[in-house]
Amino acid sequence: MNTRRTGALVALAALLFTSACGGAEGAADNADGTTKVSVTTFGCEIWNTWAIGKGVYGKHRLDVELVRSGGGSAAVAAVLSGAADFGYVNGYTAINAYNTGFPIQMVSGVNVNALPPAKPAQGVFVGKDSPIKAAADLAGKKIAVNEINGINQIVTASWLKANGVAPESVSFVALPFAEQVPAVLSGRVDAAQLGYSLLGNNNDKVRSLADPFASSDKIYIATYVAAKSFVGKGDAAKRFHEAITETAQQLSDPANTDEAFRLLSECQKVPAETLAAQPQNALEADVDVAALDRMAQQMVDLKMLPKKPDLGPFVTDFARS
Amino acid sequence: MASDVHVIDQVEADARPTGGPVAARRWGPTPDWVLGVAGVVTMFVLWDLVVRAGAVSVDSLPYPVDTLRRAGELLVDVTFLTEVAQTLWAWLLAMLAASAVGIPLGLTLGYFSALYRPSSSVVHAGRSIPSSAFLPIAILMFGLGTQMKVSLAIYAIFWPILLNAMYGVRDTEPLMLATGRSMGWTRTRLLTRVVLPSAAPSIATGLRVASSTALIVVLSAELLGATNGVGTVITTYQQAQRPDFVYAGILLVGLLGMGLYYGFNLVERLVVPWGQAQREGGR
Amino acid sequence: MSGQGLGRPVVTSALAVGRGVRSLWLLALLLVVWEVAARMVGSLFVPPVSQIFGAFVDTWLSASPSSLFLSSQFRADVLPSLVRLGLGYGAATVLGVGLGILIGVWRPAGAFFNPLIRLGMSVPVTALLPIAIVLFGITSGMNVFLIALGCLWPILINTYDGVRGIDRTVVTAARSLRLTRRRYFLRVLLPGASPAIFAGMRISIGIALVLMVISELYAATAGLGFYIVSQQRLFQFPQLWSAIVLLALLGILFNAVFALVERVLLRWHRNVRPDSAESH
């Protein structure tokens, strides 16, 4: 064998390989006094487009880089590996990961369910002419959710349970959001649980049985978690929470609505008017530990957690309400 | 997977009597490319008819005309092309790293028969596991960037490369080895003069299989969650509910894979010309 | 089969054990290395092998002989997956071999389908999941379709190659013997192409297993892939790894069965992989 050539090839591959690395450094202070942090994202979150577009992160000396990742274990893995500093996960995932023993802490809440009297942001959608009229009709039916054992499934199952339907009698089917309404319309599933903002142009073709999120107490739909070691090092996590708090305040000011949707529209490639017409989840940066505790109890009731963990040490002091 | 279907090959293939005694030449000299174009056109027409007939809703599968138009728009979109470059870069890294390790290792394992059987059971175990099952672990170890995609792709293509290198060595004609030995050749000389040339076509087959698998795995990793690459563009359009762009992206990705495949064949033909005769399935 | 005495099976099984040890020691060694490394690192994502095997026994096996020592979880998640795998793989084999022979024998068909085949095999099957759901709904048909689609290309192309690669002298001889179409097909074409066909079928087994899992990530209510995602969401990594181990075992099993079938059916062919050769 021509060992010299093989050796050169190995060396080249090794070189290329190492040159491709180097994205995984932790928080580092820039020369201008800002801290570079990376935040996982699903795509376009309204608070991120706003805080970046309006310089809220910059004001809190944060130089935010958004990195796309799936939710759940991917975001937790990203945070633990240092690939990202803040992981975007829903409250249930966060509790689950913490319960498993991962060294993470919740540094900020961001989205909570829209409770009445606000317009419902979520729904259990059935076809316009479907014979299904109420939760009770869903027993034994197929319901589409975007992830198995994900937040939508937990909330829907809890809602069914509260309405006297055994969640085990229902089969949940994972479907990408974009496929859910077509699946309902073609009768491939009986219902789908998703947000109004994800209906696309199918608003008139479906109707909602109820907002399963609204029939519950406060639910943290979106939160940020960070590695324990990251929280303990410097105050970047605290500043991140403050930036989210300020963003939430600004976004709840009606004067900023148009501008917020304009920024979001640029990111999402969906017209701003369409976005403005869609009900949104509420924003809340502070974490209510009692609410989180009730969420953990829901998971215990659905047999997804063996027993309720002590969430006290999980939420950082600065993030508590 | 082996194949004789190459553009250049057709001339030679023409001369070869193929098919049975019944496959007579009544079709005359319709050039292959005309038939190929006819095939592609037929596909688009069928696609159009399926959507037009309402068998599939336009929300799920757009018209081919719209898809082609969007594909045209994407092809001149700089952002899209940058993402294509990112995907190809990950592909290249995976190919280089996997072959740098897989080929020498495969040659070694194939050469020593005591190692051959135990390693093939490891290979069969390893290649049955979809690399996407390792996604969270890959993210944990490599983050969300190029490295994660590359590591998953390496996992997926390492096995075919290794296996084909092993098979290639094992397939060396025993007679040729014996002849070499009787001529008093050293082990190195046997290796470079007999084993390597006879293993080369099989190695090339492994690399060709790996090349398409690597692209598919990189794309799947991007679809499931990564920071860059064509797959992320497709996901963005999926979330924006623009199936026309989604299918345009898929179509372009398919064309990219085709391009890589034909490119690979060309290189293989130049580097391993003797592989032609003995090319048989890539196991 | 019939009463030839008990001696033979015992000897054969002893030989099989010996062969098993000789072919599995490397795998065992790697698992030991894993165990030690995982214990040293202590990662929650990659548990030690012993823990994974504990989860494996708990999840997939049971103590009751009436269910062949398989747990209800196995019956609920693995059996549906295997049925889908079988159907998809079977469909791919029938279609791939049929179409491969057609385009191999009839040149214009080959030219007609060639670009489509290249395009088809370059498109990631995962990206076609939405359209598969539209076509087949949320049924096993969707999974079967995706598995069949992924397995089709290697079988198709290898069959095509096998048919095209039949020795020229054999074809000429067949022609001069004026064999009937049927005889030519059964005596020349099929035997000549079968090593290549088997090669394609063998690659496809690995592909089928991978796609079986991937096609269940969405739109499934049961299956091994479904189990893997749900455990991932619950951060149950030992259970997740137990499913991965099961997949690896299935891979080894299918390949062993295939090697056996190939050896029996293609005994006559000199190009058959000497997988069983003990000396070299």
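Residues numbered from 1 in each chain as written. Chains lettered and ligands numbered in written order. Predicted model: local features only at pLDDT ≥ 70, side-chain atom pairs only at ≥ 80, totals over all residues.

Named according to an unreviewed UniProt entry, chain C is ABC transmembrane type-1 domain-containing protein originating from Micromonospora wenchangensis. Reading the Sequence similarities (unreviewed entry) entry of the UniProt record for chain C gives the comment "Belongs to the binding-protein-dependent transport system permease family." (UniProt positions renumbered as here; feature names shortened; annotations may be inferred.)

The next point concerns the overall build of chain A. Counting its secondary structure elements, chain A contains 12 helices and 12 strands. Taking 2.2 N^0.38 as the reference for a compact globule, 321 residues should give roughly 20 Å; the C-alpha atoms of chain A span a radius of gyration of 22 Å, in line with that estimate. Based on the C-alpha atoms only, the size of chain A along its principal axes is roughly 70 × 60 × 45 Å. Per-residue burial for chain A yields a buried fraction of 50% across its 321 residues. Sequence-distant contacts in chain A: of pairs separated by 6 or more residues, those separated by 24 or more amount to 79%. (Helix = DSSP H or I, 4+ residues; strand = E, 2+ residues; numbered from the N terminus. Rg over C-alpha atoms; globule rule 2.2 N^0.38 Å. Buried ≥ 20, exposed ≤ 12 C-beta atoms within 10 Å, placed from the backbone. Contact = placed C-beta atoms within 7 Å.)

Assigned secondary structure in chain C consists of 10 helices and 0 strands. Once local pairs closer than 6 in sequence are excluded, the contacts in chain C between residues at least 24 apart make up 69%.

Moving on to the nonpolar core. Formed by 262 residues in total, the largest nonpolar core has its most connected members in A226(A), A94(B), A153(B) and A214(B). Broken down by element, the residue count for this core peaks at 19 residues, all from helix α8 (residues 181–214) of chain C. (Core = buried A, V, L, I, M, F, W, Y, C linked by C-beta atoms within 7 Å.)

Turning our attention to the interface of chain C and chain A. Contacts between chain C and chain A engage 17 residues on the former and 24 residues on the latter. Of all the elements, helix α9 (residues 224–233) of chain C adds the most residues to the side of chain C that touches chain A, at 5 residues. Looking at the side of chain C that touches chain A residue by residue, the classes come out as 12 nonpolar, 4 polar and 1 charged. (Nonpolar A, V, L, I, M, F, W, Y, C, P; charged D, E, K, R; others polar.)

Interhelical geometry of helix α11 (residues 243–271) of chain B versus helix α4 (residues 107–122) of chain C gives an angle of 110° and a closest axis separation of 7 Å. Considered as vectors, α11(B) and α4(C) are oriented roughly perpendicular to each other. By crossing handedness, the relation of α11(B) to α4(C) is classed as right-handed. Judged by residue contacts, G254(B), G257(B), M258(B) and Y261(B) of α11(B) engage R118(C), L119(C) and S122(C) from α4(C). (Axes fitted to C-alpha atoms, helices over the stretch in contact; angles between N-to-C directions. Parallel < 35°, antiparallel > 145°, perpendicular 65-115°, else oblique. Left-handed = near helix turned anticlockwise from the far one by under 90°.)

Further remarks concern the domain arrangement of chain A. Residues and elements named next belong to chain A. Along its sequence, chain A is organised into domain 1 (25–113 + 218–319) and domain 2 (122–208). Using only C-alpha atoms to locate each centre, domain 1 and domain 2 end up separated by 26 Å. Tallied by class, residues from the side of domain 1 that touches domain 2 come to 7 nonpolar, 4 polar and no charged. (Domains from an automatic or database assignment.)

It is worth spelling out the interface of chain C and chain B at this point. Opposite the 69 residues of chain C that make contact, chain B presents 60 residues. Where the side of chain C that touches chain B is concerned, the elements lending two or more residues are α1 (7–41), α4, α5 (129–136), α6 (140–164), α7 (168–176), α8, α9 and α10 (237–265) of chain C.

On to the confidence of the model for chain C, then. Residue and element names in this part refer to chain C. Averaged over every residue, the pLDDT of chain C is 80; the share at 70 or more is 89%. Here α1 stands out as the least confident element of chain C, with mean pLDDT 76; helix α3 (residues 72–105) is the most confident, with 91. Taken together, the stretch residues 1–6 has pLDDT below 50 and engages in 0 contacts with residues farther than four places along the chain or on a different chain. Long-range and interchain partners of residues 271–280, a stretch whose pLDDT sits below 50, account for 12 contacts in this model, where long-range means more than four residues apart. Here the predicted complex carries an ipTM of 0.72, next to a pTM of 0.78. (pLDDT = per-residue confidence, 0-100.)

For the rest of this paragraph, the subject is α5(C). All of the buried residues in α5(C) are L129(C), P130(C), A132(C), I133(C) and V134(C). Where α5(C) is buried, its residues meet α7 (177–185) of chain A together with α6 of chain C. At the exit of α5(C) stands G137(C), carrying a positive phi of roughly 70°.

Residues and elements named next belong to chain A. Notably, R61 is not glycine yet its phi reads approximately 55°, a positive angle. Structurally, the position occupied by R61 is in the loop between α3 (56–59) and β3 (62–68). A positive phi angle, near 65°, is found at K303, a position not held by glycine. Looking at the secondary structure, you find K303 in the segment after α12 (289–301). C-beta crowding within 10 Å serves as the criterion here: with 9 such atoms nearby, K303 is assigned to the exposed category.

Residues and elements named next belong to chain A. Spatial ordering of the open sheet is given by β8-β7-β9-β6-β10, a layout of 5 strands whose pairing is mixed. Both outer strands of the open sheet, β8 (171–174) and β10 (206–208), are each paired with one neighbouring strand and no more. Averaged over all pairs of adjacent strands, the angle between their axes in this sheet comes to 35°, without regard to strand direction. When strand β6 (residues 122–127) meets β10, the two strands line up antiparallel, connected through 3 bridges. Each residue of the ladder has a partner; that of G127, found in β10, is V206. (Pairing = 2+ DSSP bridges.)

Let us now look at the UniProt feature "domain: ABC transmembrane type-1" (unreviewed entry) in chain C. Feature annotation in UniProt assigns "domain: ABC transmembrane type-1" (unreviewed entry) to the following positions: residues 78–262 of chain C. A distance of 26 Å separates the end C-alpha atoms of residues 78–262 of chain C, which is 84% helix and 0% strand.

So, on to the sheet that holds strand β11 (residues 220–227) of chain A. All names here are of chain A. Here 4 strands make up an open sheet; going across it, the order is β4-β11-β5-β12 and the pairing antiparallel. Sheet topology places β4 (87–89) and β12 (282–283) at the edges, where each strand pairs with a single neighbour. Along the sheet, helix α4 (residues 73–81) contacts β4, β5 (104–112) and β11; its crossing angle with β4, the most-contacted strand, is approximately 160°.

A few words on the packing of α6(C) against α8(C). Residues and elements named next belong to chain C. Put simply, α6 and α8 touch, their axes get as near as 7 Å, and they point 160° apart. When the interaxial angle is binned, α6 and α8 end up roughly antiparallel. As for the relative orientation of α6 and α8, their crossing is right-handed in sense. Considering only residue class, the contact of α6 with α8 consists of 19 nonpolar, 7 polar and 1 charged.

For the rest of this paragraph, the subject is helix α10 (residues 257–268) of chain A. Turn by turn, an α-helix covers 3.6 residues, leaving residues three or four places apart pointing in a common direction. Residue and element names in this part refer to chain A. With 12 residues, α10 extends 16 Å from end C-alpha to end C-alpha; this agrees with the ideal 16 Å at 1.5 Å per step. Listing the buried residues of α10 in full gives A260, F261, L263, L264 and Q268. Seen end-on, α10 carries its buried residues on one side only, within an arc spanning 160°. Looking at the buried positions of α10, the neighbouring elements they touch are α2 (46–53), α9 (236–252) and α11 (272–277). Backbone geometry just after α10 places K269 at a positive phi near 65°. (Expected span 1.5 Å × (residues − 1). Arc of directions from axis to C-beta.)

Now for the confidence of the model for chain A. Confidence in the prediction for chain A averages 84 pLDDT; 90% of positions are at 70 or higher. Here residues 1–27 of chain A is modelled with pLDDT under 50, and outside its nearest four sequence neighbours on either side it reaches 38 contacts, counting other chains as well.

Residues and elements named next belong to chain C. If you trace the backbone, L246 turns up in helix α10. Note on L246: 22 C-beta atoms within 10 Å, which makes it buried. Sequence separation of L246 and L224 is 22 residues, and the distance between their C-alpha atoms is 9.2 Å. Those residues in contact with L246, other than ones at most four positions away along the chain, are W60 and V78.

Bringing the environment of G110(C) into the picture now. All names here are of chain C. Looking at the element boundaries, G110 is found in helix α4. Residue G110 is classed as buried on the basis of its 26 C-beta neighbours within 10 Å. For the pair G110 and L99, spaced 11 residues apart in the sequence, the C-alpha separation amounts to 9.5 Å. Excluding residues that lie within four positions of it along the chain, G110 makes contacts with I103, G104 and Y160.

Bringing the environment of L211(C) into the picture now. Residues and elements named next belong to chain C. With respect to the secondary-structure elements, L211 resides in helix α8. L211 gets classed as buried once you count the C-beta atoms within 10 Å, which come to 26. Each C-alpha atom of the pair L211 and G225 lies 9.2 Å from the other, and the pair is 14 residues apart in sequence. Excluding anything up to four places from it in sequence, L211 contacts V125, L146, I147 and G150.

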